[in-house]
Amino acid sequence: SIAVALADKLDQLVCFWAIGEKPTGSGDPFQLRRAALGVIRIILENDLRIALRPLFTDALHAYGSLIGDVDEGRLAGDLLAFFADRLKVHLKEQGVRHDLITAVFALGDEDDLVRLLARVDALKTFLNTEDGANLLTAYKRASNIVRIEEKRDGRAYDGKADADQLSAEQEQGLYEALGPAQDRIRDALASEHFADAMGVLAGLRAPVDAFFDHVQVNCPEAELRANRLRLLSQ
């Protein structure tokens, strides 16, 4: 019954998306919002580890040439965005912030709703801690600095910082903390231990705070400034 219900609803959604009949702000005559919400509920209530993108493709291919040429990538992306909106509605009563769901969907490759909610839950828990809130503030600061300087200089600072150019104790401390943290976060994400990944991030608060308290990013020395911007970008 679960498989048939999912197949029915996904078929309905993919078919109407393929022919351009999507819900509008003024109406949803084919009840596509209800169909998407039904898919979400079935998956979450039964803890189904299913990737949605391949299901969209399978449903589309079942029509063969009946629908005509369809951009499969665009269709899947549009449908995932639609599912994101429905998921926000579904989780609203649980007090889950919309921006957390948007953040996880912004990864671009997350179409497993069970895993997505695990990510959202870990992010929510992390940001409700003092370390999480403060690190988010520091991240925004670092991101804004890099973005502004990249725009001004007309270049990207996305490379790895050069350890030989680190002169201040605090920038050396941040550099030394980032490497192990990136490895631990990558391993935690690969094993879907999202709370552990957030815990590693929390450990970066002290070296990040120390960096901003004692290091001048936009210093007069061009190479030193560029290296510090690369460090912030990391």
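Being a predicted model, the structure only gives us computed values, none of them experimental.

A.B. asks: Quick one: what's the story with the overall build of the chain, residue by residue and with numbers?
C.D. replies: The helix and strand inventory of the chain stands at 11 helices and 0 strands. Reading the helices (α) and strands (β) of the chain from amino to carboxyl end gives α-α-α-α-α-α-α-α-α-α-α. The globule rule puts the C-alpha radius of gyration for 234 residues at 17 Å, and the 22 Å found for the chain is more than 25% above it. Expressed along its principal axes, the backbone C-alpha trace of the chain runs to roughly 65 × 35 × 35 Å. Per-residue burial over the chain gives 38% buried out of 234 residues. At a minimum sequence separation of 6, the contacts of the chain that also span at least 24 residues come to 67%. A total accessible area of about 13,100 Å² is found for the chain, and carbon and sulfur atoms account for 50% of it. Measuring between centres, the 28 positive side-chain charges of the chain sit 5 Å from its 38 negative side-chain charges.

A.B. asks: A description of helix 5 (residues 98-105) should follow, citing residues and the corresponding values.
C.D. replies: Buried residues of helix 5: Leu100, Ile101, Val104 and Phe105, and no others. Down the axis, helix 5 shows its buried residues gathered within 135 degrees of arc, on one side only. On its buried side, helix 5 packs onto helix 4 (72-92) and helix 6 (113-127).

A.B. asks: Tell me about the environment of Leu201, and please be specific about residues and values.
C.D. replies: Position of Leu201 among the secondary structure elements: in helix 9 (residues 194-202). Linking Leu201 and Asp131, residues 70 residues apart in sequence, is a C-alpha distance of 8.8 Å. Those residues in contact with Leu201, other than ones at most four positions away along the chain, are Phe126, Leu135 and Ile185.

Rules behind the numbers
- Residues numbered from 1 in each chain as written.
- Predicted model: local features only at pLDDT ≥ 70, side-chain atom pairs only at ≥ 80, totals over all residues.
- Heavy atoms only, no water.
- Helix = DSSP H or I, 4+ residues; strand = E, 2+ residues; numbered from the N terminus.
- Rg over C-alpha atoms; globule rule 2.2 N^0.38 Å.
- Buried < 20%, exposed > 50% of the residue type's maximum accessible area, 1.4 Å probe, protein only.
- Contact = heavy atoms within 4.5 Å.
- Areas by Shrake-Rupley, 256 points an atom, 1.4 Å probe, with all protein chains shown as cover.
- Lys, Arg positive; Asp, Glu negative; His and termini not counted.
- Charge placed at Lys NZ, Arg CZ, Asp CG, Glu CD.
- Arc of directions from axis to C-beta.

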